[in-house]
Amino acid sequence: MENISVVIVTFHTPKDIILNCLKSINRNIKITIVENSENFENKDLILSQFENVKILCSGKNLGYGSGNNLGLSEVKTDYALILNPDTICDEKLFDNISKTIIEANDFSVIGCQYLDEDKFMPAGFFDDKKNKEFIKKFKENNIDDLTKVEWVTGQSMLINLKKFKNTKIFDENFFLYFEEFDLCKSLILKGENIYTSKKLKIKHLGFKSSFEESSIYKTSINRLKEWHWMWSTFYFYKKNYSYFHALKKVIGKFFKALLKIFFYSIMFNKKEKEKYKYRFLGIYSAILGHPSSFRDNLD
């Protein structure tokens, strides 16, 4: 375990969420928290309870990829586990990581699976046919303990840093969403190995990494998610396939968003109108080649 570190990127994460995450991590593991702002409100509390934690404040909201790149630049071990702050590690996770590293041997990324696995697919393939076959086998529990895949989800990824020339492993043009898929796509093109492991389990609370549910920033957070989901979708497909492939992927969503804006305007449904407005704006900006600069005052 002395050769494994953990990196967690936070953004005004609620105290109980980050504490529960930290408590689930083996105390012998070094942890770097990157707070994507100028101030980490719970810094003194956490440092008083966890001697294995180091905290960095980025000074501004860097997003998922850039925040993790900053955290990885501080890692001195060969392996780093990237965790979202709204995850809770299974009690056997770190013992099993040590065994899985030996078993996998030549790997770049190993993705964890969920304790509440009915909610999400933790891994898959970029080819639709392969992905459907994998989903069927996964749901039937008919895959190996360690299974080679083409992508894993980013809330819990074990990274073999020996496979990378530097710690800037994520494309910093992304701000939110698709960073891990982009990383996995680039690794697959290089012939590197990506796995998902049944023995590596986490509980993922989902969308609780920043602010309280009752926060005054909730509206801005929702705008940010809608805008960047669409922007990142287009950018991912443009980068990894082609501009026209990306356009084909989003053009239906583009016109759907326009129609929904009009529909919810005449229905006086402000919440739904705003959701589709920011989806439209995200696609529009991506099509025009604008950077992922939208923050809505959440810097």
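Residues numbered from 1 in each chain as written. Predicted model: local features only at pLDDT ≥ 70, side-chain atom pairs only at ≥ 80, totals over all residues. Heavy atoms only, no water.

Participant: Please give an account of a positive patch on the surface that cites residues and values.
Facilitator: A cluster of basic residues, Lys248, Lys249, Lys253 and Lys256, forms a positive patch on the protein surface. Within the secondary structure, Lys249 sits in helix α8 (residues 243-266). (Patch = residues over 30% accessible without salt bridge, like charges linked within 9 Å, V, L, I, M, F, W, Y side chains within 5 Å. Areas by Shrake-Rupley, 256 points an atom, 1.4 Å probe, with all protein chains shown as cover. Salt bridge = Lys/Arg side-chain N within 4 Å of Asp/Glu carboxyl O. Lys, Arg positive; Asp, Glu negative; His and termini not counted. Charge placed at Lys NZ, Arg CZ, Asp CG, Glu CD. Helix = DSSP H or I, 4+ residues; strand = E, 2+ residues; numbered from the N terminus.)

Participant: Pulling in residues and values, what's your account of the layout of surface pockets?
Facilitator: In this structure, the second largest pocket spans a volume of roughly 300 Å³. Mapped by element, the contributors of at least two residues to the lining of the second largest pocket are α7 (218-240) and α9 (270-287). Considering each element in turn, the lining of the second largest pocket owes the most residues, 6 residues, to α9. Considered class by class, the residues forming the lining of the second largest pocket number 1 nonpolar, 2 polar and 8 charged. (1 Å grid on protein atoms, 1.4 Å probe; cavity = no way out; pocket = protein on both sides within 12 Å on 5 of 7 lines; lining within 4 Å. Points joined across faces, edges and corners; volume = space filled by probe spheres on them. Nonpolar A, V, L, I, M, F, W, Y, C, P; charged D, E, K, R; others polar.)

Participant: So what's going on with the side chain of Gln113? Which residues, and what values?
Facilitator: Structurally, Gln113 is set in strand β6 (residues 109-114). Leave out the neighbours within four places in its chain, and Gln113 touches Pro122, Phe138, Ile143, Thr196, Ser197, Lys198, Leu200, Lys201 and Ile202. (Contact = heavy atoms within 4.5 Å.)

Participant: Could you give me a rundown of the nonpolar core, with the residues and numbers involved?
Facilitator: Counting 53 residues, the largest nonpolar core has Leu72, Phe134, Val152, Met157 and Ile159 as its most contacted members. Looking at which element gives the most residues to this core, the answer is α7, with 9 residues. Residue contacts for Ile159: discarding those within four places in its chain leaves Asp78, Tyr79, Ala80, Ile82, Ser108, Val109, Phe164 and Ile169. Counting residues in hydrophobic clusters, the runner-up holds 34 residues, among them Phe50, Val53, Leu81 and Tyr114. (Core = buried A, V, L, I, M, F, W, Y, C linked by side-chain atoms within 4.5 Å. Buried < 20%, exposed > 50% of the residue type's maximum accessible area, 1.4 Å probe, protein only.)

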